[in-house]
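Here's the letter readout for the chains.
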Amino acid sequence: MPELMVQIEGQPTPVRLADCFWVLTDGRGCASGSMVGHSAATEEAAHQDFTPRTRDRDRQTRQGWRVRLLSKEQWRQDAGPCFLGECQHRKVAA
Ligand SMILES: [Zn+2]
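All of these numbers come straight from a predicted model, not from anything done at the bench.

A.B. asks: So what exactly am I meant to see when it comes to the overall build of the chain here?
C.D. replies: Secondary structure assignment for the chain yields four helices and five strands. Listed by position from the N terminus, the elements making up the chain come as β-β-β-β-α-α-β-α-α. Computed over C-alpha atoms, the radius of gyration of the chain comes to 14 Å, within 12% of the 12 Å expected from 2.2 N^0.38 for 94 residues, which places it in the range of a compact globule. In terms of principal-axis extent, the alpha carbons of the chain reach across some 45 × 30 × 20 Å. The proportion of buried residues among the 94 residues of the chain is 26%. If you take every contact in the chain between residues at least 6 apart in sequence, the share linking residues at least 24 apart comes to 46%.

A.B. asks: Looking at this model, I keep getting lost on the confidence of the model for the chain. Mind explaining?
C.D. replies: Where the model shows low pLDDT, its predicted coordinates should not be examined in detail. Per-residue confidence for the chain gives a mean pLDDT of 92, with 95% of residues at or over 70. Looking at the elements of the chain, mean pLDDT is at its lowest for helix H4 (residues 88–93), recorded as 74, and at its highest for helix H2 (residues 54–62), recorded as 98.

A.B. asks: Explanation requested: helix H3 (residues 72–84) in the structure shown.
C.D. replies: Maximal helix bending in H3 amounts to about 40°, located at Asp78; proline Pro81 follows within four positions. Those residues of H3 that sit buried are Trp75, Asp78, Ala79 and Cys82.

A.B. asks: Explanation requested: the pairing of strand S4 (residues 31–36) in the structure shown.
C.D. replies: Every other side chain in a regular strand lies on the same face of the sheet, so the side chains alternate between the two faces. Where strand S3 (residues 20–25) lies against S4, five bridges are found, and the strand directions are antiparallel. Residue pairing across strands places Leu24 opposite Gly33, the latter belonging to S4. The antiparallel pairing of S3 with S4 creates a hairpin that spans five residues between the two strands, and Gly29 there sits at a positive phi of about 90°.

A.B. asks: Please explain the sheet that holds strand S5 (residues 66–71) as it appears in this structure.
C.D. replies: In a beta sheet, neighbouring strands are held together by backbone hydrogen bonds and run either parallel or antiparallel to one another. Strand order across the open sheet formed by three strands is S4-S3-S5, with antiparallel pairing between neighbours. Lying at the two open borders of the sheet, with one neighbouring strand each, are S4 and S5. Geometrically, the sheet is characterised by an average inter-axis angle of 25° between neighbouring strands, direction not taken into account. Contacts from helix H1 (residues 43–50) reach S3, S4 and S5 within the one sheet, and its direction differs from that of S5 by about 110°.

A.B. asks: Can you walk me through the nonpolar core in this structure?
C.D. replies: Buried together is how nonpolar side chains tend to be arranged in soluble globular proteins. Within the largest apolar cluster, 16 residues are counted, with the highest numbers of intra-cluster contacts made by Phe21, Trp22, Val23, Leu24, Ala31, Leu70 and Ala79. Breaking this core down by element, the ones donating at least two residues are S3, H1, S5 and H3. Considering every element that reaches this core, the biggest residue donor is S3, with five residues. Every residue in contact with Ala31, bar those within four places of it in the chain, is listed here: Val23, Leu24, Thr25, Ala79, Cys82 and Phe83.

A.B. asks: Help me understand the pairing of S5 in this model?
C.D. replies: Most of S5 is tucked away, with five of its six residues classed as buried. In this sheet, S5 lies alongside S3 in antiparallel orientation, the contact comprising six bridges. Each bridged residue has a counterpart across the sheet, and for Leu24 the counterpart in S5 is Val67.

The rules we used
Residues numbered from 1 in each chain as written. Predicted model: local features only at pLDDT ≥ 70, side-chain atom pairs only at ≥ 80, totals over all residues. Helix = DSSP H or I, 4+ residues; strand = E, 2+ residues; numbered from the N terminus. Rg over C-alpha atoms; globule rule 2.2 N^0.38 Å. Buried ≥ 20, exposed ≤ 12 C-beta atoms within 10 Å, placed from the backbone. Contact = placed C-beta atoms within 7 Å. pLDDT = per-residue confidence, 0-100. Bend = angle between axes of the 7 residues up to and from the residue. Pairing = 2+ DSSP bridges. Axes fitted to C-alpha atoms, helices over the stretch in contact; angles between N-to-C directions. Core = buried A, V, L, I, M, F, W, Y, C linked by C-beta atoms within 7 Å.

Right under this line is the structure:
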């Protein structure tokens with residue numbers, strides 16, 4: 001299988017999809033799900049994996065949820081704190 005390369009927002013050079021992470025973020029931008037990059041080839045496919053039911057997906061989209069592809073470094077900065085309960089998103093909402 002050929003190595004899939006992807007261009008990530010804010011990154012100068014393409015990276016291996018296998019080295020990235022798909023992250024599902026809620027309306028506040030807070031990460032609520034994460035999986036390795038090679039689990040899905042597109043945002044839509046990743047969203048389907050995170051949220052299998054179409055109705056739930058549509059509701060999430062309406063509420064501003066997004067699927068983002070992050071490099072390892074971006075994941076550590078943007079998503080890591082969410083899973084540890086230490087991110088800014090939650091503090092703003094509280
Ligand atoms: Zn967060």
